[in-house]
Amino acid sequence: MFIDIKHFPGERQSFNILLCKAEGTEPFLEIKGCRIMQGAKGPFVSYPATKNEKTGKYWNHAYGSEAFNKAVMEKAQPLKTERRPPPPRRNDDMDDVPF
């Protein structure tokens with residue numbers, strides 16, 4: 001099995017995990033919206049989740065074993081880009097305002 005990572009830069013960086021039979025083949029499974037988070041025990045893979053509005057608890061859509069999460073971290077961390085704030089908004093209608 002080959003694990004590939006697709007990063008999406010931005011204020012809240014995320015990545016997709018693609019599982020393929022071999023490198024260069026079409027993925028047979030893709031987990032979208034994963035992130036690397038910092039926890040009390042160090043960084044970890046955060047899988048997509050939905051919040052239960054009644055209880056306030058989050059429910060993961062996917063889970064990975066320790067071995068799988070370690071392999072994902074090894075692939076994802078070197079590709080992670082620096083977190084940058086979004087560019088400032090431009091208001092082209094105000095270009096001629098003298099202040």
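## Overview of the nonpolar core
- In terms of nonpolar packing, the biggest core is built from 15 residues, with Ile3, Ile5, Phe15, Ile17, Tyr47, Phe68 and Val72 touching the most fellow members.
- Here the element with the most residues in this core is helix 1 (residues 66–76); it accounts for 4 residues.
- Other than its neighbours up to four places away in sequence, Ile17 contacts Ile3, Asp4, Ile5, Leu29, Glu30, Ile31, Cys34, Tyr47, Phe68 and Val72.

## A closer look at the pattern of salt bridges
- Taken as a whole and assessed by the stated rule, the structure comprises 1 salt bridge.
- Across the pair Lys6 and Glu30 runs a salt bridge, and its minimum N-O distance is 3.9 Å. Here Lys6, found in strand 1 (residues 2–8), pairs with Glu30, found in strand 3 (residues 27–39); they are 24 residues apart in sequence, far enough to count as distant.
- When its relative accessible area of 38% is taken as the criterion, Lys6 is described as partly exposed.
- A residue is classified by how much of its surface remains accessible, and Glu30, at 31% relative accessible area, is partly exposed.

Here is what the cut-offs are and how they apply
- Residues numbered from 1 in each chain as written.
- Predicted model: local features only at pLDDT ≥ 70, side-chain atom pairs only at ≥ 80, totals over all residues.
- Heavy atoms only, no water.
- Core = buried A, V, L, I, M, F, W, Y, C linked by side-chain atoms within 4.5 Å.
- Buried < 20%, exposed > 50% of the residue type's maximum accessible area, 1.4 Å probe, protein only.
- Helix = DSSP H or I, 4+ residues; strand = E, 2+ residues; numbered from the N terminus.
- Contact = heavy atoms within 4.5 Å.
- Salt bridge = Lys/Arg side-chain N within 4 Å of Asp/Glu carboxyl O.

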